[in-house]
Amino acid sequence: METVEKIKQQIEENPILLYMKGSPKLPSCGFSSQASQALMSCGQPFAYVDILQNPDIRAELPNYADWPTFPQLWIEGELIGGCDIIIEMFQKGELQQLISETAARHPAPEAE
């Protein structure tokens with residue numbers, strides 16, 4: 001699968017998706033750490049892609065998104081922004097509202 005196709009598929013399949021360096025529990029940069037902490041504070045599950053483990057995505061996503069840096073938060077197929085925007089939205093209470101509304105529209109499949 002082409003890298004751009006893989007990115008499109010990830011964005012399509014995950015209503016809340018964070019492209020970051022490392023993982024939410026073990027972030028590999030301060031910006032990714034702040035962004036994932038803010039998302040985790042919202043209390044809803046979210047998907048993430050570790051771009052350090054996916055150099056093809058790391059190389060291609062800035063072109064696709066027209067956004068040069070990481071982390072990148074995508075919600076329902078739309079790029080929200082990077083660390084500064086995520087933190088600013090969180091401090092205003094906008095991120096929590098957006099995340100909870102998105103999670104409500106996309107309930108996780110219940111385990112049987």
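Rules behind the numbers
Residues numbered from 1 in each chain as written. Predicted model: local features only at pLDDT ≥ 70, side-chain atom pairs only at ≥ 80, totals over all residues. Heavy atoms only, no water. UniProt positions renumbered as here; feature names shortened; annotations may be inferred. Helix = DSSP H or I, 4+ residues; strand = E, 2+ residues; numbered from the N terminus. Rg over C-alpha atoms; globule rule 2.2 N^0.38 Å. Buried < 20%, exposed > 50% of the residue type's maximum accessible area, 1.4 Å probe, protein only. Contact = heavy atoms within 4.5 Å. Areas by Shrake-Rupley, 256 points an atom, 1.4 Å probe, with all protein chains shown as cover. Lys, Arg positive; Asp, Glu negative; His and termini not counted. Charge placed at Lys NZ, Arg CZ, Asp CG, Glu CD.

In the annotation of an unreviewed UniProt entry, the entry for the protein chain reads Glutaredoxin, and the organism field reads Pseudidiomarina salinarum. Of the comments in the UniProt record for the protein chain, the one headed Function (unreviewed entry) reads "Monothiol glutaredoxin involved in the biogenesis of iron-sulfur clusters." Recorded in UniProt under Subcellular location (unreviewed entry), the annotation for the protein chain is "Cytoplasm".

(A) Summary view of the overall build of the protein chain. For the protein chain, the helix and strand inventory stands at 5 helices and 4 strands. Along its sequence from the N terminus, the protein chain presents helices and strands in the succession α-β-α-β-α-β-β-α-α. A globule of 112 residues ought to have a C-alpha radius of gyration of about 13 Å, and the protein chain, at 13 Å, matches this closely. C-alpha extents for the protein chain along the principal axes are approximately 35 × 30 × 25 Å. Here the protein chain holds 112 residues, and 40% of them are scored as buried. Across the protein chain, every contact between residues at least 6 apart in sequence was considered, and the portion connecting residues at least 24 apart equals 61%. A total of about 6600 Å² of accessible surface is found on the protein chain, and carbon and sulfur atoms cover 48% of it. Both charge centroids of the protein chain, one from 7 positive and one from 16 negative side chains, sit 6 Å from each other.

(B) View of the UniProt feature "binding site: glutathione" (unreviewed entry) in the protein chain. According to UniProt, the "binding site: glutathione" (unreviewed entry) feature falls on Lys21, Arg58, Phe70, Cys83 and Asp84. Look past the residues within four positions of Arg58 in its chain and what remains in contact with it is Lys21, Ile51, Leu52 and Phe70. Here Asp84 shows up in helix α4 (residues 83–92). Asp84 sits in the exposed class, given a relative accessible area of 62%.

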